[in-house]
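The chain contents come next:
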Amino acid sequence: MKKTALIYSFNTINTAKAAKMIHEAFGDFPIDEINAETLTKDSFVPYENLILGVPTWFDGELPNYWDEFVPELEEMDLTGKKAAIFGLGDQKEYPENFCDGVGIMAKILIERGAELAGETQSEEYAYIHSLALYKGRFYGLLLDEENQSSLSNDRIKDWVKELKKAFI
């Protein structure tokens, strides 16, 4: 089985909650959890499969801990790695940049040679613009705990089913 990492900030409430649900949905599939706030190249590179928790902060920005890791990430060759991104946002309060963090991270990973897994449908959301949208689908799993928390559990379970196929 390929080595898989679930990388997110252990200090965020909603992202950490979603990450725990994702980990649980994988069942016996071995996954290492890594705190994004202490992430280094050495803790990132050994993994073939990467699941990144990337919430959107403020008006469409990456959280500080991801933003600080981007320069290292931009120096890496990610060819041969599969990456899946989940992100949290608020489509009612921030409809102009809903889950932009997912789109920002996806583009960086693609530019570095990673293969993205886990695209999702863009229906059932009400937003104006999102950098996470590409050719009518989202680059990853988008969750809105403020407005659609009742949908998160099913969205996560469906997403993980697809990731299991992609990660084997």
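Each remark here, short or long, concerns the structure printed above.
Residues numbered from 1 in each chain as written. Predicted model: local features only at pLDDT ≥ 70, side-chain atom pairs only at ≥ 80, totals over all residues. Heavy atoms only, no water.

Glancing now at the overall build of the protein chain. Counting its secondary structure elements, the protein chain contains 5 helices and 9 strands. Counting helices and strands in the order they occur from the N terminus, the protein chain gives β-α-β-α-β-α-β-α-β-β-β-β-β-α. Compactness check: the protein chain gives a C-alpha radius of gyration of 14 Å against a globular reference of 15 Å for 168 residues, within 12% of the reference. The dimensions of the protein chain, computed from C-alpha atoms along their principal axes, are 40 × 35 × 30 Å. Looking at the protein chain as a whole, 52% of its 168 residues qualify as buried. (Helix = DSSP H or I, 4+ residues; strand = E, 2+ residues; numbered from the N terminus. Rg over C-alpha atoms; globule rule 2.2 N^0.38 Å. Buried < 20%, exposed > 50% of the residue type's maximum accessible area, 1.4 Å probe, protein only.)

Aromatic ring pairs are defined here through the distance separating the ring centres and the angle between the ring planes. The final tally for this structure, using the stated rule, is 14 aromatic pairs. Their ring planes at 50° and their centres at 6.4 Å tell us that Tyr65 and Trp66 sit as a pair that is tilted. Positioned over the ring face of Tyr47 is Lys3, at 5.0 Å from the centre of the ring. (Phe/Tyr/Trp six-rings, centres within 6.5 Å; stacked < 30°, edge-to-face > 60°. Lys NZ or Arg CZ within 6 Å of the ring centre and 35° of its normal.)

Assignment of secondary structure puts Asp100 in helix 4 (residues 100-111). Beyond its immediate sequence surroundings of up to four residues, Asp100 is in contact with Thr56, Gly60, His129, Ser130 and Leu131. (Contact = heavy atoms within 4.5 Å.)

Moving on: helix 3 (residues 64-73). Taken as a whole, helix 3 has its buried residues at Tyr65, Trp66, Phe69, Val70 and Leu73. Taken around the axis of helix 3, the buried residues stretch over an arc of 145°, which confines them to a single face. Those residues of helix 3 that are buried lie in contact with strand 1 (4-8), helix 2 (41-44), strand 3 (49-53) and helix 4. (Arc of directions from axis to C-beta.)

Turning our attention to the sheet that holds strand 7 (residues 133-134). Strand order in the open sheet made by the 3 strands is 6-8-7, with antiparallel pairing throughout. Each edge of the open sheet is held by one strand with a lone partner, namely strand 6 (120-121) and strand 7. Sheet analysis places strand 7 next to strand 8 (residues 137-138), joined by 2 bridges and oriented antiparallel. Considered in strand 8, the bridge of Tyr134 is made with Arg137. (Pairing = 2+ DSSP bridges.)

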